[in-house]
Amino acid sequence: MKRTILCLALCASIAMPADLPTLRGFSADSSKTEHDWEAKFRTMPDPAAMRAYMQRLSARPHHVGSPYDKENAEWILSKFKEWGLDAKIETFDVLFPTPKERALEMVEPAHFTAKILEPAVAADPTSNQKEEQLPTYNAYSIDGEVTAPVVYVNFGIPEDYDQLERLGISVKGAIVLARYGNSWRGIKPKVAAEHGAVGCLIYSDPHDDGYAPGDIFPAGPMRPPDGVQRGSVMDMPVYPGDPLTPGIGAVPGAKRLALSEVTTLTKIPVMPISYGDAQPMLAALRGPVAPAAWRGGLPITYHVGPGPAKVHLKLKFNWDTKPLYDVIARIPGSTYADEWIIRGNHHDGWVNGASDPISGQIAMLEEAHAMGTLLKQGWKPKRTILFCAWDGEEPGLLGSTEWAETHADELLQKGAVYINSDGNGRGFLGAEGSHTLEKFVNTVAREVDDPEVKMSVAQRLQLGRSIVPGRGQAPVAESGGQSSGSRAEFPLGALGSGSDYSVFLDHLGIASLNLGFGGEDREGIYHSIYDDFYWYTHFADTDFVYARALAQTAGIAVMRLADSELLPFDFDNFTATIRRYITEVERLATEERTRIIERNRQIDEGAFTAANDPRFPTVPPAKETVPPFLSFAPLQNALAALERTAQAYDQALAHASENGASALARAQLRDANARLIAVERSLTSKEGLPNRTWYKHEIYAPGFYTGYGVKTLPAVRESIEQKEWKQADEAIAHVGKVIENAGEAIQGATAELARATK
Ligand SMILES: [Zn+2]
């Protein structure tokens, strides 16, 4: 503990470079004042305090509807109030199913009853809280009882089914056994059902987060044989939030769908299992040996099936409505009170949830604590700041979605930026979000020290990511990890889904960021009873210095956004990013065309017949229609216009800054700021994405068949991927128009800025 306090003092003293540049969006004077307040803030987040918050918040299971979930909300409320913030709890009533009956047994060729139970571990004092723990299950699976042969489908993503087809294997009438990974879990039962499966089991293979990558709990951080990943399988790429109230808040009296009308439940029963329970079933499969890339870490030969392993799966749920408790604290703005900077992190867990989500929640709480202190010292943020401790993230982003849908009109007017975090760990800064904030995030991260390596978190990310691939980047994100701006900056990944920013960015078009540290922890306790205080303080950010780094990064971002005279959006990196996305979808269309032509030629020439092993025959693929050429001119033309407007904005800002150091301080910038806020809104369209109208953002969306993974220019990219050529043509025209609108929105901001700072 002493070491921590010493480091706190040292780290705080080296954070400030000697001569500080004027911050974007600030006049010279206000920039200096800002640096002073931020320097004070930077010393405040206290690892010992955050450790204590975690111990309190993860002491008992705190899932939606549990007694401790409510107690935690009340405790967070009392903390906000103790720190001098105006705070309240907002409640919503949502559909949250919990298990009533779960049974899984193998009935052929031998009998085996699955345990579906995570045992307590003697060393881990909260792992034995059986009465309050939710059993292992997937929320929003339908009820069902099926007996069927098993087929192993690897990750259960669309490509795996192409491979099964080549092997001549159908999952029609079968129960698929998929392993976790490579997609959001809800995709697995969705694709299985589309292929005719009648049930779905999802297990954690030891190759991925069990004994292969590290020692298992409690000797190490990885998943023990009976550990199970709970989780939601709601069809969130269609819409997240309460299934009964799509698009509106789940408040008393809201018009609710009947359960039978809900489109986001699974089509087949689905249950998660451990590798202890999966092994006997996998071992009893015959049929072809699984392709090399499909083999996991169990000491067996992986076969695909179908059968002879046959299992009986029975699931029944309580389809109850449960209350959500969102805790919302507010710091009113002094000048632009109607512009909101919103900071959020969820507080509900699947069980004790120390890593997910409390490790992020404690950082946000300590930011609120520090800002409460700064207010008493005279700090006056210009914009209104909201701290939001969300409930119900785990089942389907329920608390954030219902709150934002309830306050949608006000948020559309006032929401300037949303900053999210979730679980936090050791290592590199992970930063994803709206590319209008890419430069901004870089400037913030340059002023936060990495707690373990002596450089700024920005520098560590920028330098380290080329050496340690995959580190310090968003989890596998298409278009996510490459640089768009100058080499002096690290790139911002694009946001897919998987946490509470979705409603703000995807539905309302509020510029958003997701921040967190990670990449150095190995973790095999995700969504299990072992994600608790004991695990976290033995294997994760054990001295809470990365919790401090997160509080510093997110806190400085919030303060700087709230204090600036002009919101520090930038359209230069944004435009470069859009250019890259357009190049990507053009290349995708060309490659898809070339691939199909080449494949058809191979089929015609008999390449597959020649390559076939007659003893282990495979089925040749069917010929496909060669896609038409697509014209990307509407995107290219819109991009050219966007580039011109981005330059014009930069010139106007440079001019305003030259016009005497105080031009920004003197000017009336209310209208310019309003126009700037409107730029992200202009990237949305009323009609939303094809087949999922809740998603309004035309630049970023979670993939329809990847879930968490982002699809940029989603309407265009997914039409090409799904070979919907006519729809692709329409999408290109439509997205071209959206990018044109963004150019006009930037032009509006430029004109306002020039007028105000003449
Ligand atoms: Zn979480």
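Residues numbered from 1 in each chain as written. Predicted model: local features only at pLDDT ≥ 70, side-chain atom pairs only at ≥ 80, totals over all residues. Heavy atoms only, no water.

Undergrad: Is there a simple way to think about the sheet that holds strand β12 (residues 336-346) in this case?
TA: Strand pairs in the sheet, formed through backbone hydrogen bonds, run parallel or antiparallel to each other. Spatially, the seven strands line up as an open sheet ordered β1-β11-β13-β12-β14-β16-β15, and their pairing is mixed. Only two strands of the sheet have a single partner each, and these edge strands are β1 (86-95) and β15 (427-433). Across the sheet, the mean angle separating the axes of adjacent strands is 20 degrees when strand polarity is ignored. Bridge count for strand β14 (residues 415-420) against strand β16 (residues 511-519) is four bridges, and the pairing is parallel. Each residue of the ladder has a partner; that of Val 417, found in β16, is Ala 511. Of the strands in this sheet, β12, β13 (383-390), β14 and β16 are in contact with helix α22 (residues 670-681), which crosses β12 at around 40 degrees. (Pairing = 2+ DSSP bridges. Helix = DSSP H or I, 4+ residues; strand = E, 2+ residues; numbered from the N terminus. Axes fitted to C-alpha atoms, helices over the stretch in contact; angles between N-to-C directions. Contact = heavy atoms within 4.5 Å.)

Undergrad: What is the right way to read the coordination of the zinc ion from this model?
TA: Ideal geometry at a metal centre gives angles of 109.5 degrees when four donors are arranged tetrahedrally and 90 or 180 degrees when six donors are arranged octahedrally. Ligation of the zinc ion by protein atoms is provided by His 346 (NE2), Asp 356 (OD), Asp 422 (OD) and Asp 422 (OD), these donors lying 2.0 to 2.6 Å from the ion. In this structure, the zinc ion is coordinated by four donor atoms arranged in irregular fashion, with angles at the metal of 54 to 145 degrees. Counting gaps between the donor residues of the zinc ion yields the pattern H-x9-D-x65-D. Note that Asp 356 is positioned in helix α9 (residues 354-376) and Asp 422 in the loop between β14 and β15, a separation of 66 residues in sequence. Per residue, the accessibility class of Asp 356 equals that of Asp 422, and both read buried. (Donors = N, O, S within 2.8 Å, 3.2 Å for Na, K, Ca; no water. Tetrahedral: all angles 85-135°; square planar, octahedral: opposite > 155°, others 65-115°. Buried < 20%, exposed > 50% of the residue type's maximum accessible area, 1.4 Å probe, protein only.)

Undergrad: Honestly, the pairing of β14 in this entry has me stumped. Any pointers?
TA: As a general feature of sheets, a regular strand has side chains that alternate between the two faces. With six of its six residues buried, β14 lies for the most part within the structure. For β12 and β14, the ladder comprises five bridges, and the chain directions are parallel. Bridging from a neighbouring strand, Arg 343 pairs with Ile 419 of β14.

Undergrad: Sorry, what's going on with helix α2 (residues 28-42) here?
TA: Residue pairs three or four apart in sequence face the same way in an α-helix, which turns once every 3.6 residues. With 15 residues, α2 extends 21 Å from end C-alpha to end C-alpha; this agrees with the ideal 21 Å at 1.5 Å per step. If you check which residues of α2 are buried, you get Ser 30, Ser 31, Glu 34, His 35, Trp 37, Glu 38, Phe 41 and Arg 42. The elements touched by buried residues of α2 are α9 and α17 (545-563). (Expected span 1.5 Å × (residues − 1).)

Undergrad: Hey, could you run me through the environment of Asp 338 in this one?
TA: As for its placement among the helices and strands, Asp 338 is situated in strand β12. Residue Asp 338 is classed as partly exposed on the basis of its relative accessible area, which comes to 47%. Between the C-alpha atom of Asp 338 and that of Gln 413, which follows or precedes it by 75 residues, the distance is 8.0 Å. Non-local contacts of Asp 338, meaning those with residues more than four positions away in its chain, are made with Gln 413 and Lys 414.

Undergrad: Help me out: how do you make sense of the sheet that holds strand β2 (residues 98-108) in this one?
TA: The strand order β3-β2-β10-β5-β6-β7-β9 describes an open sheet built from seven strands, whose pairing is mixed. Looking at which strands have only one partner, the edges of the open sheet turn out to be β3 (112-113) and β9 (270-273). Alignment of strand β5 (residues 144-152) against strand β6 (residues 175-179), held across three bridges, turns out to be parallel. Bridge assignment links Tyr 152 to a residue of β6, and that residue is Leu 177. Sheet contacts for helix α6 (residues 187-194): β6, β7 (199-203) and β9; angle to β7, the most-contacted strand, approximately 145 degrees.

Undergrad: How should I be thinking about the packing of helix α3 (residues 47-57) against helix α4 (residues 67-82) in this particular structure?
TA: Direction vectors running N to C along α3 and α4 enclose 150 degrees, while the axes themselves pass 10 Å from each other. Taken together, α3 and α4 sit at an angle that is classed as roughly antiparallel. Listed contacts from α4 to Tyr 53, Arg 56 and Leu 57 of α3 are Tyr 68, Glu 71, Asn 72, Trp 75 and Ile 76. Residue composition of the contact of α3 with α4, grouped by class: five nonpolar, one polar and two charged. (Parallel < 35°, antiparallel > 145°, perpendicular 65-115°, else oblique. Nonpolar A, V, L, I, M, F, W, Y, C, P; charged D, E, K, R; others polar.)

Undergrad: How do you make sense of the confidence of the model for the protein when you look at a structure like this?
TA: Detailed reading of the predicted model is not advised wherever pLDDT is low. Here the protein averages 93 in pLDDT, and 94% of its residues register 70 or above. Counting interchain partners and residues more than four positions distant, the pLDDT-below-50 stretch residues 471-486 has 42 contacts. (pLDDT = per-residue confidence, 0-100.)

Undergrad: Is there a simple way to explain unusual backbone geometry in this structure?
TA: As a rule of thumb, non-glycine residues mostly have phi less than zero, and peptide bonds are mostly trans rather than cis. The residue after Glu 108, namely Pro 109, is reached through a cis peptide bond having omega -5 degrees. In the segment running from Asp 356 into Pro 357, the intervening peptide bond is cis, with an omega of 15 degrees. Looking at the secondary structure, you find Pro 357 in helix α9. Even without being a glycine, Leu 713 presents a positive backbone phi close to 45 degrees. Topologically, Leu 713 is positioned in the loop between β18 (710-712) and α23 (714-721). Assessed through its relative accessible area of 0%, Leu 713 is described here as buried.

Undergrad: Could you clarify how one ought to interpret the nonpolar core in this entry?
TA: Considering soluble globular proteins, one finds that nonpolar side chains tend to be buried as a cluster. Counting 224 residues, the largest nonpolar core has Phe 80, Leu 201, Tyr 203, Phe 387 and Phe 504 as the members making the most contacts within it. For this core, the element with the most residues is α17, which contributes 13 residues. Once residues within four sequence positions are removed from consideration, Phe 80 is found in contact with Leu 85, Ala 87, Val 327, Ala 329, Leu 365, Ala 368 and Phe 387. (Core = buried A, V, L, I, M, F, W, Y, C linked by side-chain atoms within 4.5 Å.)

Undergrad: Mind showing me how you'd approach the pattern of salt bridges here?
TA: Pairing is possible between side chains that carry opposite charge, provided their charged atoms lie close to one another. Within this structure, the stated rule accounts for 43 salt bridges. The partner of Arg 560 in a salt bridge is Glu 447, with the nearest N and O atoms 2.8 Å apart. Of this pair, Arg 560 sits in helix α17 while Glu 447 sits in the loop between α13 (438-445) and α14 (457-464), and the two are 113 residues apart along the sequence. Here Arg 560 matches Glu 447 in class, with each residue buried. Here Arg 579 and Glu 643 are joined by a salt bridge, their closest N and O atoms 2.9 Å apart. Note that Arg 579 is positioned in helix α18 (residues 572-605) and Glu 643 in helix α20 (residues 633-658), a separation of 64 residues in sequence. (Salt bridge = Lys/Arg side-chain N within 4 Å of Asp/Glu carboxyl O.)

Undergrad: What's the story with the layout of surface pockets in this structure? I'm lost.
TA: Any empty space left between the atoms is revealed when a probe the size of a water molecule rolls over them. Taken as a whole, the second largest pocket holds about 300 Å³ of empty space. The wall of the second largest pocket is formed by 15 residues, among which Leu 23, Arg 24, Lys 439, Thr 443 and Arg 446 lie closest to the centre. Broken down by class, the residue content of the lining of the second largest pocket amounts to seven nonpolar, two polar and six charged. (1 Å grid on protein atoms, 1.4 Å probe; cavity = no way out; pocket = protein on both sides within 12 Å on 5 of 7 lines; lining within 4 Å. Points joined across faces, edges and corners; volume = space filled by probe spheres on them.)

Undergrad: Please clarify how α17 should be interpreted in this entry.
TA: The end-to-end C-alpha distance of α17, which contains 19 residues, comes to 26 Å, matching closely the 27 Å that a straight helix rising 1.5 Å per residue would cover. Where burial is concerned, most of α17 is hidden: 19 out of the 19 residues are buried.

Undergrad: Sorry, what's going on with the packing of aromatic side chains here?
TA: For any pair of aromatic rings, geometry is given as the distance between the ring centres together with the angle between the planes. Taken as a whole, this structure holds 25 aromatic pairs when the rule is applied. Centroid distance Trp 390 to Trp 403: 5.4 Å. Interplanar angle 55 degrees. Geometry classified as tilted. Highlighted residues: Trp 390 in strand β13 and Trp 403 in helix α11 (residues 398-406), separated in sequence by 13 residues. Among the residues examined, Trp 403 registers a relative accessible area of 2% and is labelled buried. Taken together, a centroid distance of 6.4 Å and an interplanar angle of 45 degrees make the contact between Trp 403 and Phe 504 tilted. Residue Trp 403 is located in helix α11, and its partner Phe 504 is located in helix α15 (residues 502-507); the two are separated by 101 residues in the primary sequence. Clustering of aromatic rings is evident, with ring pairs tying together Phe 217, Tyr 530, Tyr 534, Trp 535, Tyr 536, Phe 539 and Phe 544. Of note, Lys 190 hangs over the ring of Phe 704, and the distance from its end group to the ring centre comes to 3.5 Å. The ring of Phe 428 has Arg 460 lying over it, and the distance from NZ or CZ to the ring centre is 4.5 Å. (Phe/Tyr/Trp six-rings, centres within 6.5 Å; stacked < 30°, edge-to-face > 60°. Lys NZ or Arg CZ within 6 Å of the ring centre and 35° of its normal.)

Undergrad: Would you mind showing me how to read the environment of Glu 740 here?
TA: Here Glu 740 lies in helix α24 (residues 725-756). Measuring from C-alpha to C-alpha, the distance between Glu 740 and Tyr 530 comes to 50 Å, with 210 residues separating the pair along the chain.

Undergrad: When you look at the packing of α2 against α9 in this model, what are you seeing that I'm missing?
TA: Interaxial distance between α2 and α9 falls to 10 Å at its minimum, and their mutual angle equals 130 degrees. Between α2 and α9, the angle is such that the two are oblique. Handedness of the crossing formed by α2 with α9: right-handed. On α9, the residues that touch Trp 37, Lys 40 and Phe 41 of α2 are Glu 367, Ala 370, Met 371 and Leu 374. In the contact of α2 with α9, the residues fall into five nonpolar, no polar and two charged. (Left-handed = near helix turned anticlockwise from the far one by under 90°.)

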